[in-house]
Amino acid sequence: MTGARAMTSRHSIETVRDEVSRIQKSVDVLDAVVGEVRDRLERYFGHGRKMPEHALRGLARDIDATITAELRPIRRRIGFRKPTPVRPKSDAYEMLYLVVMPEDQLGEGRPRYFRLASMRIVATRKKVLVECMPTALGLRQHAAEKLIVRGADVMESVRNLALSLAGWAALPGLVDDVMEEAGFERMGITGCKGLLLGALDPRAPIPPGRRVTFGNGNWVEEDVPVSPLLPASFTINTYIGDREIQPNQRGAMAVIDQWRDACGEAFDLACEEVFWPEREIRDAFPDPIEDELVDDIRKLVVETRMLKAMGNAKIAGVRLMDLYENDPEFRQAPAPDLEEAEEEGIPASVFR
């Protein structure tokens, strides 16, 4: 490693660590929100009274201000249900946030993994629910460091990668079963002016969520197991910048982007359903992605050109070697970046 490259690498690690130290405080912020709600409601629920309209409005405003300022959510949606003449005290707020939460998966005392987590706060005059649920989407610190090393002009690499990942949240649930059936796990998405390479893992453990319910003069806190309907976990492992992207990878990125564009708003709304499937206040249920487009992406991710562009040799080297020996289309396609292959542990001989 040259001196300049070593200096850039050290700078990227320091920059990411500074960002990580800020993200680690997110757990304390969640505790603070729960404490604030508990103290505020004690004067009402603790004495068997409902909150008046002004108190409900003020509580929603203050919670939103705290979360927005301290957690800086990637996505934020505020819903309000108006009271009706029949139910004049049925007004309610539903506040939805997508945040980045740290995880120490290796027991090292510091996080190297960052998971997208959805927060949902429902506040009515007689009940308040505070919920934080993990998604099956995350990224590794290595990817954040690579984002800086490989020339991306960003100050918050974890946040920028998380923003890109959120924009593809519906994809794993559409393709995880066909990928697993075919024996491949590596998958890439576009983002941050490059390629985000990750892997699907149906066996990866997902921690439970947290739910606190206030009402009826008491409050209950509980762990919430993740839904068995969650798709395979999808984790971004590394980032390939514009200068490192191989022609076949660039072509694969273009095809995936075209597919998402063809889905239009339906894909964006499908991502929101991944984050907040139990959302209560909404104008209408979104239309699903067209069946034809779903079929297209399920076929696309297991095409030879896509498998090779994503470097799936690490997961199923034997199958790729078989393709290499017997499939002319595979042999003619350009190989992925060999430096990246070696870094990820992929046998470079498969691609020569």
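Before any of the text, the structure's been laid out above.
Now for a description of the structure that goes with this document. Since we're looking at a predicted model, the values are computed, not measured.

We now examine the layout of surface pockets. If you add up the space inside the largest pocket, you get close to 720 Å³. What lines the largest pocket is a set of 32 residues, among which L230, E273, V274, F275 and P277 lie closest to the centre. Listed by contribution, the elements that provide at least two residues to the lining of the largest pocket are β3 (113-124), β4 (127-140), α6 (171-182) and α8 (265-275). Here the residues of the lining of the largest pocket sort into 22 nonpolar, 4 polar and 6 charged.

With 7 of 10 residues buried, helix α5 (residues 157-166) lies mostly within the body of the structure. Every buried residue of α5 is accounted for by S157, V158, L161, A162, S164, L165 and A166.

Applying the stated criterion to the full structure yields 25 salt bridges. Taking the shortest distance from any N to any O, the salt bridge between E53 and R57 comes out at 2.4 Å. Within this pair, E53 and its partner R57 are both found in helix α3 (residues 53-70), separated by 4 residues, close to a single helical turn. Its relative accessible area of 38% is what places R57 among the partly exposed residues. Look at the salt bridges and you will find they share partners, linking E94, R120, E131, R211, E222, E278 and E280 into a network.

Our next topic: the nonpolar core. Ranked by size, the top nonpolar core spans 62 residues in total, and within it L116, L171, V175 and F267 carry the most contacts. In contact with L171, other than residues within four places in its own chain, are M187, I189, W259, F267 and I297. If you look at the next biggest cluster of nonpolar residues, it comprises 30 residues, including L30, M51, I63 and Y97.

Okay, unusual backbone geometry next. Unlike most non-glycine residues, R72 shows phi in positive territory, near 45 degrees. Structurally, R72 is set in the loop between α3 and β1 (75-81). Non-glycine residue C192 carries a positive phi angle of around 55 degrees. Along the polypeptide, C192 turns up in the loop between β5 (186-191) and β6 (194-201).

Okay, the side chain of S118 next. By secondary structure assignment, the location of S118 is in strand β3. Residue classification places S118 among the buried positions, given a relative accessible area of 7%. Here the side chain of S118 touches F275 through a polar contact of 3.0 Å, landing on its backbone oxygen. Among residues more than four places away in sequence, those in contact with S118 are Y97, L98, E131, C132, M133, T135, F275 and W276.

Calculation notes
- Numbering of residues begins from 1 in every chain and follows the order in which that chain's sequence is written.
- Two thresholds apply to this predicted model, a pLDDT of at least 70 for residue-level local features and 80 or more for giving and counting side-chain atom pairs, whereas whole-chain, interface and lining totals are computed over all residues.
- Water and hydrogen atoms were dropped before computing side-chain values, which therefore reflect all heavy atoms in the structure.
- Using a 1 Å grid laid over the protein atoms alone, points where a 1.4 Å probe fits but cannot get out form a cavity; open sets with protein on both sides within 12 Å along at least 5 of 7 lines form a pocket; any residue with an atom within 4 Å of a point counts as lining.
- Grid points are joined across faces, edges and corners, and a volume is the space filled by probe spheres set on the points.
- The way it works is that DSSP assigns letters per residue, a run of H or I at least four long becomes a helix, a run of E at least two long becomes a strand, and they are numbered from the N terminus.
- Polarity classes work like this: nonpolar for Ala, Val, Leu, Ile, Met, Phe, Trp, Tyr, Cys and Pro, charged for Asp, Glu, Lys and Arg, and polar for all others, with Gly in that last group.
- Type-normalised accessible area, obtained with a 1.4 Å probe on protein chains alone, sets the label of each residue: buried when under 20%, exposed when over 50%, and partly exposed for intermediate values.
- Between Lys or Arg on one side and Asp or Glu on the other, a salt bridge is scored when a side-chain nitrogen of the former is within 4 Å of a carboxyl oxygen of the latter.
- Buried Ala, Val, Leu, Ile, Met, Phe, Trp, Tyr and Cys residues that are joined via side-chain atoms within 4.5 Å together make up what is termed a nonpolar core.
- Contacts are assigned to residue pairs that have any heavy atoms within 4.5 Å of one another.
- Throughout this description, a polar contact denotes any pair of N or O atoms lying within 3.5 Å of each other; where both atoms belong to protein, one of them has to be capable of donating a hydrogen while the other can accept it, and for residues adjacent in sequence the pair is counted only when both atoms sit in side chains.

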